[in-house]
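Spelled out from the first residue to the last, the chains are:
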Amino acid sequence: MSATPTIAFDAERCDGCGDCMSACASAKSTDGNTAQSRIRIVRDDEAGHWGVALCRQCGDPRCASVCPAAALAKGDDGIVAWDAERCVNCLICTAGCTFGGIAFSADEGHVVKCDQCAGTPQCVTACTRGALRYVTAAKLYNRWGELEDLFVPGLGGCQGCNTELIMRHTLRRVGPNTVLATPPGCIPGMGSVGYNGMLGCKVPVFHPLLTNTASMLTGIRRQHKRKGRNVTALALAGDGGAGDVGFQSLSGAAERGEQILFVCVDNEGYMNTGAQRSGSTTYGAWTATTPIGDSARGKAQDAKNLPLLMMWHGCEYVATASTAFMEDFYAKLEAALEASERGFAYLHLYSPCTSGWRFPSASNIEVARTAVETNFAVLWEYRREQGLTLSRDIDDPLPVTDYLKLLGKFRHLDPAQIAHIERHVAEQAQVLCELAGMQPREGERIVCHPSDSMAVDLDQ
Amino acid sequence: MSEAVEKIAPSTGSAVAKKEPRILVCDGNEAAAWGVVLSRPDMVAVYPITPQSSLAEYVAQFVADGVLDAELVEAEGEHSVLSVLHGAALAGARTYTASCGQGLAFMFEPYFRTPNLRLPIVMSIVNRDGITPQCVWGGQQDAMTVREVGWVQLFCETVQEVLDTIVMAYRIAEDRSVMLPVNVNHDGNYLSNGIVRIELPDQGEVDDFLGMPDVNWHAALDPDRPMGVDPLTGGATGPGPALFVGYRRGHCEGMQNALRVIVEVHEEWARRFGRRYAPLVEEYRLDDADHALVTIGSMAGAAKDAVDAARDRGERVGLIRIKTLRPFPLDAMVAALDKVRAIGVVDRAVSYGWNSGPVHQETLAALQHCRHRVPCLSLIGGLAGADLTQTHFERAIAETAKLLDAPCPREPVWLNAEDR
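Residues numbered from 1 in each chain as written. Chains lettered and ligands numbered in written order. Predicted model: local features only at pLDDT ≥ 70, side-chain atom pairs only at ≥ 80, totals over all residues. Heavy atoms only, no water.

**Brief notes about the pairing of strand 7 (residues 110-113) of chain A**
All names here are of chain A. What counts, and what does not: If DSSP finds at least two bridges between two strands, the strands pair. Strands are runs of DSSP state E lasting at least two residues, helices are runs of H or I lasting at least four, and both sets are numbered from the N terminus onward.
Relative to strand 7, strand 6 (residues 102-105) is paired through 4 bridges, and the arrangement is antiparallel. The partner of Ser105 across the bridge, within strand 7, is His110. In textbook terms, the turn of a hairpin is the stretch between consecutive antiparallel strands, and for strand 6 and strand 7 this stretch comprises 4 residues, one of which, Gly109, has a positive phi near 85°.

Set out below in structure tokens:
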């Protein structure tokens, strides 16, 4: 199974017009009565927007698992299909589904549900506002899921850490013809280089100095290339090893255009060793070396913008990504890997640290998403030929305080500090907007809008 | 240099009958660069620093001219230079670099790790004194400061020896019983810039002598042989202290094996190329000597002249030149020291806490193994490029001779203290 198509709904784009229901009813019934529609748009007054009741074609469908007659099953095409021959009309499936995706039709005399119109869902065709899209959201996940996981089971990350997610997905895609460098930090701490003679991954891996990752990879990549071999030189480094003490070697390799894929997992500090401050730590943040006391209120300086610094090296490819936007991450990893065949590719991943930033371990992806939605972490990519483009709209962000309030490391902030961070976030967003606006697109100037290629895959 | 490049086309590498050596007139940095050419490294990374810079320029020009077929990495500093070579060696490359002084200090973090990774990297140190006071001149404070790191350390006396030793260093480093990085030291200014006539060995004969690179059989970063390089040992936990001890002991064994290999390689070099160097310790007019100087590096030339002059006056004095400082050639040194009744050690560096020179301290340690107690004086000179002339060594001999009848002073003799 490599693709499970689904119909995605964007509540913010839906105006409740009901065209989708009409289209479905026309396709699925003789009289076009919207009561026959398999999709229902409903007003969610509490949330203040429209919602959808529609079959999600779940991977492990509850409707099927509760069905006592085996009348519902997920097929190889990804569609949860209803079998009229087996159905006993008990309607337990309608209770099992939490999405309102299967319902009893009085006209039909049995349950009905979406079958995606054999690959051309009429509801999607009818929607003029882009609120409904027929996408294969899980396609990439599943395609990559079929690739070998080159890390061993049981890496020793903190509970709720998203770095293991980054490591496994990255190495699955990059593949076995790789030499992996994991400089001191959380990633070797989780066991990439293993402990006690047992390795944490199935590719050649080493523990460079904190300072010299890009330089060692330079020698490895060049020597293999000299011998006619195309070996991917991959770094999975933290922000300290990339941007602080490791920055000289990173900068040198980028300037020379070494063919390296350098992934920086930015958790804004030296989290593996007890959450000390780094150059990537946010202004005002508590860390073990920027404590809160009568004379000090966390870090006194703004974080340096490492991905922008890398962009100014004229790398082949630079991008920021987040585990809350995996499709975007996949697309960027794909681009970075390809670019690393020609020159230096740098991927900067925002990686909230459950223990060092002090938030519940279940909230990691929520924190990551909120960072992006508040413009605290802006997603963009830079290609040498095309310049910088924003990966999603940033002109209508959530309040920065929505992000700050999630994290214990900001608990002590006073209004002036909050205002400082808000100002800095706005300035950074403005800088990025201007950089993106510098890039002409079909004679126009882009300001704060995503590039076409990225817009499709976001919000999955 | 361009003339030399034209004369010496890259060899086909095939074994050929012994040829007449080509003659060059060049300084030690160019000679070192020719040693690099002859050794055919896969990768060279050099960051320029006085007085090594012209060496870096020669190597770059040789690559540009196609005389040297090597990857040249223009790294942004010495720290990265050696780090690049770590990666290259683990990918199977024969490698070369050169540095000195502050460059070596900046390189120290990967330098510190290189021998523990057992990477047979060859690196010239164009010896330079340390700052402060601000100084770009010769001196051996750089190499002496890192003598406990675990590299093999060879010190050359002449420009010809620089070239020959660089080639020999690869055989020593890549010997499977050694597998250690080698520093080939040549004194800044005196050897780096002194121009003399040298002979350039034939490329084919050097190819036969060196063989193919044999660099990463023990530890590799290669998808065809996936392995983890240098995982956490767990220290005293996990497999226990024995694992760590095993690595340290293996390193010590490699060092001791190097003593034998250095001798064998020098002997083979003499057989093949006709130039014989004392591999560990050179004894000069020592057999019937009452007292002797111990020297290291290029200063031995002037010191030998002073010994000759003293001999002409009837003084029974000799000289011991240390070529191999690490591993320390204990047996050879003890055998030499046992022949005399007083020793004067001339250092081009200081050992601060001992208030003497580092080679003096090394000599004192060796004297422990001698049959008799031999007084041993520290003399320090040649710092920051100061000239050590025959006159200075005549004084050194005179100071040493005093030990035959008088107690040995604990204070060092500062040979250039009165030079203006």
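Let's pick the thread back up.
**Some thoughts on helix 10 (residues 241-273) of chain B**
Residue and element names in this part refer to chain B. Inclusion rule: One less than the number of residues in a helix, times 1.5 Å, gives the span that helix is expected to have. Note that the bend at a residue is defined as the angle between axes fitted to the seven residues ending at it and the seven residues starting at it.
With 33 residues, helix 10 ought to run about 48 Å at 1.5 Å a step, and its terminal C-alpha atoms sit 47 Å apart, in line with that. Along helix 10, the sharpest kink reaches roughly 30°, centred on Leu259. Once helix 10 finishes, Gly274 follows within two positions and takes phi at roughly 80°, a positive value.

**Re the interface of chain B and chain A**
Where we set the bar: Contacts: residue pairs with any heavy atoms within 4.5 Å of one another. The term buried area means the drop in 1.4 Å probe accessible area that two parts suffer when joined, counted for both and summed. Note on definitions: salt bridges are taken to be side-chain nitrogens of Lys or Arg within 4 Å of carboxyl oxygens of Asp or Glu. Pairing of N or O atoms within 3.5 Å defines a polar contact, subject to two protein rules: one partner must be a possible hydrogen donor and the other a possible acceptor, and residues neighboring in sequence count only if both atoms are side-chain atoms.
Each partner contributes to the interface: chain B provides 42 residues, whereas chain A provides 36 residues. Buried surface at the junction of chain B and chain A, summed over both partners, amounts to about 2900 Å²; 57% is from carbon and sulfur atoms. Looking only at chain B, the three residues that lose the most surface to chain A are Leu221, Pro223 and Leu232 of chain B, adding up to 20% of its buried area. At the boundary of chain B and chain A, one finds 7 salt bridges. Measuring nitrogen to oxygen at the nearest pair gives 3.5 Å for the salt bridge that ties Arg226 of chain A to Asp69 of chain B. Our enumeration of links across chain B and chain A arrives at 15 residue pairs in polar contact (both at pLDDT 80 or more). Among the secondary structure elements, those contributing two or more residues to the side of chain B that touches chain A are strand 3 (71-73), helix 4 (78-90), helix 6 (108-113) and strand 9 (228-229) of chain B. Considering each element in turn, the side of chain B that touches chain A owes the most residues, 8 residues, to helix 4 of chain B.

**Focus: the state of the cysteines**
Note: disulfide means a covalent bond formed between the sulfur atoms of two cysteine side chains. We apply this condition: The rule for a disulfide is simple: a pair of cysteine sulfur atoms within 2.5 Å. Think of it in three bands: residues with accessible area under 20% of the maximum for their type are buried, residues over 50% are exposed, and the middle band is partly exposed, with areas taken using a 1.4 Å probe on protein chains only.
Overall, the coordinates contain 0 disulfides over all chains when judged by the stated rule. Here Cys123 of chain A is not disulfide-linked; the sulfur of Cys114 of chain A is the nearest cysteine sulfur, at 6.2 Å. Residue Cys123 of chain A is classed as buried on the basis of its relative accessible area of 7%. Unpaired in terms of disulfides, Cys100 of chain B finds its nearest cysteine sulfur in Cys135 of chain B, a separation of 10.0 Å.

**Considering the environment of Val367 of chain A**
Structurally, the position occupied by Val367 of chain A is in helix 14 (residues 364-373). Once residues within four sequence positions are removed from consideration, Val367 of chain A is found in contact with Pro352, Trp357, Phe359, Tyr403, Leu406 and Leu407 of chain A.

**Considering the confidence of the model for chain B**
What counts, and what does not: As a per-residue measure, pLDDT tells how confident the predictor is, with possible values from 0 to 100.
Averaged over chain B, the pLDDT score is 94; the fraction of residues at 70 or greater is 94%. Below a pLDDT of 50 lies the segment residues 1-16 of chain B, which in the model reaches 32 contacts outside its immediate sequence neighbourhood of four places, other chains included.

**Notes on the sheet that holds strand 16 (residues 387-390) of chain A**
Pairing between sheet strands relies on hydrogen bonds along the backbone, with the strands arranged either parallel or antiparallel. Sheet architecture is open: 9 strands sit in the order 16(A)-15(A)-13(A)-14(A)-12(A)-11(A)-9(A)-10(A)-9(B), paired in mixed fashion. Of all strands in the sheet, those bounded by a partner on one side alone are strand 16 of chain A together with strand 9 of chain B. With 2 bridges connecting them, strand 9 (residues 178-181) of chain A and strand 10 (residues 205-206) of chain A associate as parallel partners. By the bridge assignment for strand 10 of chain A, Ala181 of chain A is matched with Phe206 of chain A.

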